[in-house]
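Structural overview for review
These are the residues of each chain, in order.
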Amino acid sequence: NPVVFSGTPTATSIGGTKIDIFPSASVTLPTGEIAPLSLSGKGLRQKWVAIVKVNAYVGIHYLDNPSLLSATDPIGSLANTRTRMMVLHMLQNATANDIRAEFEDALDFNGVNLNSPEMSSLREQMTFSLNAGERAYLIGYHTADDNLEHFFVDTKLKSIIEKGPALV
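Summarised in this report is the structure supplied together with it. Please read these numbers as outputs of a predicted model, since none were measured by experiment.

1. Some remarks on the nonpolar core
- Ranked by internal contacts, the top residues of the largest apolar core, which has 20 residues, are Val3, Phe5, Tyr62, Met85 and Ile139.
- Membership of the second largest hydrophobic core comes to 19 residues, among which are Tyr57, Leu107, Leu130 and Ile160.

2. Considering the pattern of salt bridges
- The full count for this structure, using the stated rule, is eight salt bridges.
- Salt-bridge contacts for Glu104 lead to Arg123; the nearest nitrogen and oxygen are separated by 2.7 Å. Residue Glu104 is located in helix α2 (residues 96-109), and its partner Arg123 is located in helix α3 (residues 117-125); the two are separated by 19 residues in the primary sequence.
- For Glu104, a relative accessible area of 25% translates into the label partly exposed.
- Given the relative accessible area of 19%, Arg123 is considered buried.
- A salt bridge links Glu134 to Lys156, with the shortest nitrogen-to-oxygen separation between them at 2.8 Å. Within this pair, whereas Glu134 is found in the loop between α3 and β8 (135-141), its partner Lys156 is found in the loop between β9 (149-154) and β10 (159-164), the two being separated by 22 residues in sequence.

3. Some points on α2
- Taking 1.5 Å per residue, 14 residues should reach 20 Å; α2 reaches 20 Å between its end C-alpha atoms and fits that length.
- Within α2, the full set of buried residues consists of Ala96, Ile99, Arg100, Glu102, Phe103 and Leu107. Buried residues of α2, viewed axially, fall in a sector of 165°; they line one side. Exposed residues lying more than 90 degrees from the buried face of α2 are Asn97, Asp108 and Phe109.
- As for α2, its buried residues are in contact with β5 (34-49), β6 (52-63), α3 and β9.

4. Regarding the packing of aromatic side chains
- Counted according to the given criterion, the structure contains four aromatic pairs.
- Ring centres of Phe103 and Phe151 lie 6.4 Å apart, and the angle between their planes is 20°; on these two criteria the pair is classed as stacked. Note that Phe103 is positioned in helix α2 and Phe151 in strand β9, a separation of 48 residues in sequence.
- The class of Phe103 is buried, set by a relative accessible area of 13%.

5. Considering the packing of α2 against α3
- At a minimum axis distance of 10 Å, the contact between α2 and α3 shows a crossing angle of 155°. Classified by the angle between their axes, α2 and α3 sit roughly antiparallel to one another. In terms of crossing hand, the pair formed by α2 and α3 is right-handed. In contact with Arg100, Phe103, Glu104 and Leu107 of α2, α3 contributes Met119, Leu122 and Arg123.
- Within the contact of α2 with α3, the residues separate by chemical class into four nonpolar, no polar and three charged.

Scoring rules and cut-offs
- Along each chain, numbering runs from 1 in the same order as the chain's sequence is written.
- With pLDDT at 70 or above as the cut-off, local features in this predicted model cover only qualifying residues; side-chain atom pairs require 80 or more to be listed or tallied, and sums for whole chains, interfaces and linings still use all residues.
- Calculation of side-chain values draws on the structure's entire complement of heavy atoms; hydrogens and water are dropped beforehand.
- We define a nonpolar core as any set of buried Ala, Val, Leu, Ile, Met, Phe, Trp, Tyr and Cys residues linked to one another through side-chain atoms lying within 4.5 Å.
- A simple rule labels every residue: compare its accessible area, found with a 1.4 Å probe on the protein chains alone, to the largest value its type can have, and call it buried under 20%, exposed over 50%, or partly exposed in between.
- Basic side-chain nitrogens of Lys or Arg form a salt bridge, by our definition, when they fall within 4 Å of a carboxyl oxygen of Asp or Glu.
- Secondary structure counts use DSSP, requiring at least four H or I residues in a row for a helix and at least two E residues in a row for a strand, with both numbered from the N terminus.
- A helix is expected to span 1.5 Å for every residue after the first.
- Note: the arc covers the axis-to-C-beta directions of the helix.
- Note on contacts: a residue pair is in contact if any heavy atoms of the two residues lie within 4.5 Å.
- Any two of the Phe, Tyr and Trp rings considered here, Trp counted by its six-membered ring, make a pair once their centres fall within 6.5 Å; the pair's planes then place it as stacked at under 30 degrees, edge-to-face at over 60, or tilted in between.
- Angles shown run from 0 to 180 degrees and are taken between the N-to-C directions of axes, each axis being a line fitted to C-alpha atoms and, for helices, limited to the stretch in contact.
- Should an angle fall under 35 degrees it is taken as roughly parallel, and over 145 as roughly antiparallel, whereas 65 to 115 is taken as roughly perpendicular and any remaining angle as oblique.
- Each crossing gets its hand from how the near helix is turned against the far one by less than a right angle, where anticlockwise is left-handed and clockwise is right-handed.
- Residue classes follow a fixed rule: Ala, Val, Leu, Ile, Met, Phe, Trp, Tyr, Cys and Pro count as nonpolar, while Asp, Glu, Lys and Arg count as charged, and any other residue, Gly among them, counts as polar.

In short, geometric facts, not functional conclusions.
Laid out in structure tokens, this is it:
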């Protein structure tokens, strides 16, 4: 696991599942660089299954500089950050198809080109499933080597690394 959490966690209970949310973390990037991050927010993703709304996962967001996050333009303001991470703490089991569909929905909602070579590659590599209680780490970062956005996905079964001009 490339992520080390620190600080005193806040215990959050969602549907009987206790999740510790830490105020800070450090991430070892594929470059070997260690990036310190601070909690910038959290949210619950609910999804309709048949006629019942279920808690799918908790998204926990960290930034290298949370003060740069704008409430009026959260997506646009992320361009001002160097490193960011979304932790998906699963509350339900999710198949690879479920994960790909959720990823595509989020990208489409945020106006990302799903057919770019980088996005197509990422979607093709999302062949992992996650069970309740497991976590996926979605880490976006910049390097001094290029002007591209780098995307690192880490789960206990698979890691994916991709880069592109407008990836994260």
